[in-house]
Number of protein chains: 2
Amino acid sequence: MEFLHSRLENGLEIIAECNSHAHGEAVGLFVRTGARDETEQLAGVSHFLEHMTFKGTHSRTAEELNRAFDDVGAYCNAFTTEENTVYFAAMLPEYQDRALELLADLLQPALRPEDFETEKLVVLEEIRMYEDQPPFGADEKCRSLFFGPHPLGRHILGSVESITGMTVEAMRQYWRQRYVPGNITLAAAGRVDFERLVASARRYFGHWEPGPGGRLLTPVQPQEQFQLFHKPSASQQYVIQLAAAPGADDPRRYAATLLATILGDDTGSRLFWALVDPGLAETASLAYSEYREIGLFSTFLASTPEQMPQNLQTVRQIYARAAQQEPIREDELQLAKTKICSHLVLASERCQNRLFAIGAEWIQRGRYVSIQEELEAIRQVTV
Amino acid sequence: MEFLHSRLENGLEIIAECNSHAHGEAVGLFVRTGARDETEQLAGVSHFLEHMTFKGTHSRTAEELNRAFDDVGAYCNAFTTEENTVYFAAMLPEYQDRALELLADLLQPALRPEDFETEKLVVLEEIRMYEDQPPFGADEKCRSLFFGPHPLGRHILGSVESITGMTVEAMRQYWRQRYVPGNITLAAAGRVDFERLVASARRYFGHWEPGPGGRLLTPVQPQEQFQLFHKPSASQQYVIQLAAAPGADDPRRYAATLLATILGDDTGSRLFWALVDPGLAETASLAYSEYREIGLFSTFLASTPEQMPQNLQTVRQIYARAAQQEPIREDELQLAKTKICSHLVLASERCQNRLFAIGAEWIQRGRYVSIQEELEAIRQVTV
């Protein structure tokens, strides 16, 4: 494994984890833009824009894009989070240049008004689908209560109102502001030919005008609130509870990951043994997620309405006792470390997963962390 | 990559593809037994037995098994095919011995009568579920028509009759006959410590009595038949068509794989462009599968009942023309090779997938094929 880094004159970053023993390769474009960079009026524009890139570019129709990715045997996809929009492809190393050319093309979408209106219906359908399945939008409502007016409180998909009212011109404007070289990291993992990668990047991105990258980080002020939503058709009751946790810049994030695993992993955790194993709850879990400057501990419970008051009581006890009468034991910590390290190592076998890891690390913290360093950081956490 | 092979005195085979650059490892037990080795009365016993192994062994309850796999951070699972039953785990290399001990334990199930009756209901439910979802059991009915009384014509899950009538004593008898060292291959891939693997195998399997392995291969006599099943609740019509293809011992199986991709892959194939892309059919695909001594070309169509007669006509034309007026073109072959090779290479990144590949190859053809040799064999196929 060798980590290499370069930067174009216009600010676009290029990073690669080169593994000469790999047979495959993954390349991705990490754009520093997501729900966090949207105004309330434009809520969901990052995700909608990601959809639109696949509808056609200035040089290719949607069908031509599909055929071109097929021609290079590439698996290509994209996703949008609160903080990033990621376009990626996995393929044979000999197609590195062609895959990058296609990804670069995606980032210059045509944004044709007729495609925009058609795709708007698809996104609206997606929003309604979320509302219609458990927990019936309760997770997004809880985020909104917790974060208040802060952009992290808004749904990545946007709202029916924001998407309905969005214009293609507003999306173009957003694209011009956010899709600038200073906000883009080109990452590659696997059997990478780095010299050719940089040459390709220069060819496909070198002419892009530099623009002011970065993002405006408004401080988060978590709100303590409680709200109940009635969904007559649901047979189960769902509870979402959010609490502030270490952010992406906080070294305690490894401890937070371990703590969430010990207390609330899907299997073998304290919540599991207390609620799921004896059949008191269908689901009882605690998850940790990180953003810039803040993280989240998310508790999720699903059970019959009759059982829920007692379940909530149990969860409160488990959390309170972990801090006092029943501190985390050495054997629990060891089990959680084995779980997380196994998962990390097995996931890292795929160059696509290494791509996600190094791209996110670079765009979040501007550094490279090898799988060994990551494992070491987890193993160093003590009770 | 280094391939290593050993064999215990009782006949159990041990193979490994050792990759010193891997961080993870996968181990598996490939038992040469499946639907093909069942009598009509015992149809489904291989799959049912696989289920039962997770219900408890002589030394562990089901819960203890789960906890033990959790303790080693292993992802463990099993599956049954027409010809093999495979138990496997993926984990960190330092847990190689413990994972193998657990897998070996699985192969000595307690087969407690009360668990047997409970699990019987689970399997029956699984059978009914298949009947209730598209194509509503038509695929299994078509197999049965094609293979006639041959065991390959029976469903891996068995029938409601065979499972209902099965006794735990009959399952024990089947286990004693089939789960003998001569029918078991222990395979490992990834960061394997082969010396320790062989030592572990000796410890956990060395005391097993040798037994006559192998299988009785009855010749297949494909039947030409047509049958129509009416399913009033279905909105679509489904057509399954089976045709004999090169078997697992036939060198033309690479050409068969490429042909199926060119004519009937999910995207970009002749069937796709003729039927799916223009919206005439929801699905139109051709797949190739291999068994000992026979393979199958399976055509699958789903469309409105009104459109189906025309669609069937189109499929017939596509197949007939491929053999005469419109032979496979060089560019189509090239595209299919890129697709298949990309898929193979990307899948091979996971040691779990390499495990499946080397285990199946060894138990089917008694040899080792590296990923490079596999790619070479595909690339050598000409129009």
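Note that the structure is predicted; figures quoted are calculated from it, not measured.

Scoring rules and cut-offs
- Residues numbered from 1 in each chain as written.
- Chains lettered and ligands numbered in written order.
- Predicted model: local features only at pLDDT ≥ 70, side-chain atom pairs only at ≥ 80, totals over all residues.
- Heavy atoms only, no water.
- Phe/Tyr/Trp six-rings, centres within 6.5 Å; stacked < 30°, edge-to-face > 60°.
- Helix = DSSP H or I, 4+ residues; strand = E, 2+ residues; numbered from the N terminus.
- Lys NZ or Arg CZ within 6 Å of the ring centre and 35° of its normal.
- Pairing = 2+ DSSP bridges.
- Axes fitted to C-alpha atoms, helices over the stretch in contact; angles between N-to-C directions.
- Buried < 20%, exposed > 50% of the residue type's maximum accessible area, 1.4 Å probe, protein only.
- Arc of directions from axis to C-beta.
- Contact = heavy atoms within 4.5 Å.
- Buried area = accessible area lost by both parts, 1.4 Å probe.
- Salt bridge = Lys/Arg side-chain N within 4 Å of Asp/Glu carboxyl O.
- Domains from an automatic or database assignment.
- Least-squares fit on C-alpha atoms with pLDDT ≥ 70 in both.

## Quick word on the packing of aromatic side chains
What the rule picks out here adds up to 28 aromatic pairs over all chains. A centroid spacing of 5.4 Å and a plane angle of 90° characterise the contact between B:F79 and B:F356, whose relative ring orientation is edge-to-face. Of this pair, B:F79 sits in strand β4 (residues 75–80) while B:F356 sits in helix α13 (residues 351–365), placing them 277 residues apart in sequence. Here B:F272 and B:W273 contribute two aromatic rings whose centre-to-centre distance is 4.9 Å and whose plane-to-plane angle is 80°, an arrangement assigned as edge-to-face. Every member of this aromatic cluster is reached through a ring pair, and the members are A:Y75, A:F79, A:F88 and A:F356. Directly above the aromatic system of A:W273 lies the positively charged group of B:R67, at a separation of 3.6 Å from the ring centroid. Positioned above the aromatic ring of B:F229, the side-chain terminus of B:K141 is 4.6 Å from the ring centre.

## Thoughts on the sheet that holds strand β6 (residues 184–190) of chain B
All names here are of chain B. Reading across the sheet, the 6 strands line up as β1-β2-β6-β3-β5-β4 and stay open at both edges, with mixed pairing between neighbours. One side of each edge strand has no neighbouring strand; the edge strands of this open sheet are β1 (2–7) and β4. Within the sheet, the average angular offset between the axes of one strand and its neighbour, ignoring direction, is 15°. The pairing of strand β3 (residues 25–31) with β6 spans 7 bridges and is classified as antiparallel. From the neighbouring strand, A26 faces β6, where its bridge partner is A189.

## So, helix α7 (residues 168–178) of chain B
Residues and elements named next belong to chain B. For α7, the set of buried residues is V168, M171, Y174, W175 and R178. What you see down the axis of α7 is that its buried residues fit within an arc of 115°, all on one side. Where α7 is buried, its residues contact β3, α1 (45–53) and α4 (113–132).

## What to know about the interface of chain B and chain A
Many authors give the size of an interface as the accessible area that is lost as the parts come together. Contacts between chain B and chain A engage 32 residues on the former and 32 residues on the latter. If you sort the residues of chain B by the area they bury against chain A, B:H23, B:L92 and B:E349 come out on top, with a joint share of 22%. Here chain B is connected to chain A by 2 salt bridges. One salt bridge in this structure joins A:R379 and B:E94, with 3.9 Å as the shortest N-O distance.

## A closer look at the domain arrangement of chain A
Residue and element names in this part refer to chain A. Annotation of chain A at the domain level lists domain 1 (2–205) and domain 2 (237–379). Averaged C-alpha coordinates put domain 1 and domain 2 at centres separated by 27 Å. Contacts between domain 1 and domain 2 engage 38 residues on the former and 22 residues on the latter. With both sides pooled, the region where domain 1 packs onto domain 2 buries about 2500 Å², and carbon together with sulfur makes up 76% of that total.

## Structural notes on the pairing of strand β8 (residues 283–291) of chain A
All names here are of chain A. Here 9 bridges tie β8 to strand β9 (residues 294–303), and the two strands are oriented antiparallel to one another. Looking across to β9, one finds that A284 is bridged to L301. Remark: 2 residues form the turn of the hairpin made by β8 and β9, two consecutive strands paired antiparallel; E293 in that turn has positive phi of roughly 70°.

## A short note on the relation of the copies chain B and chain A
Overlaying chain B on chain A yields an RMSD of 0.0 Å, the required transformation being a rotation through 180° with an accompanying axial translation of 0.0 Å. Both copies of the chain, as the preceding transformation shows, are related through a two-fold rotation axis. When you check the interface residues of chain B against chain A, 100% turn up at the interface there too, and the contact is symmetric in its surfaces.

## Here's the deal with the pairing of β9(A)
Residues and elements named next belong to chain A. Most of β9 sits out of view: 8 of its 10 residues are buried. Here strand β7 (residues 237–245) pairs with β9 via 9 bridges, running antiparallel. Residue pairing across strands places I240 opposite F300, the latter belonging to β9.

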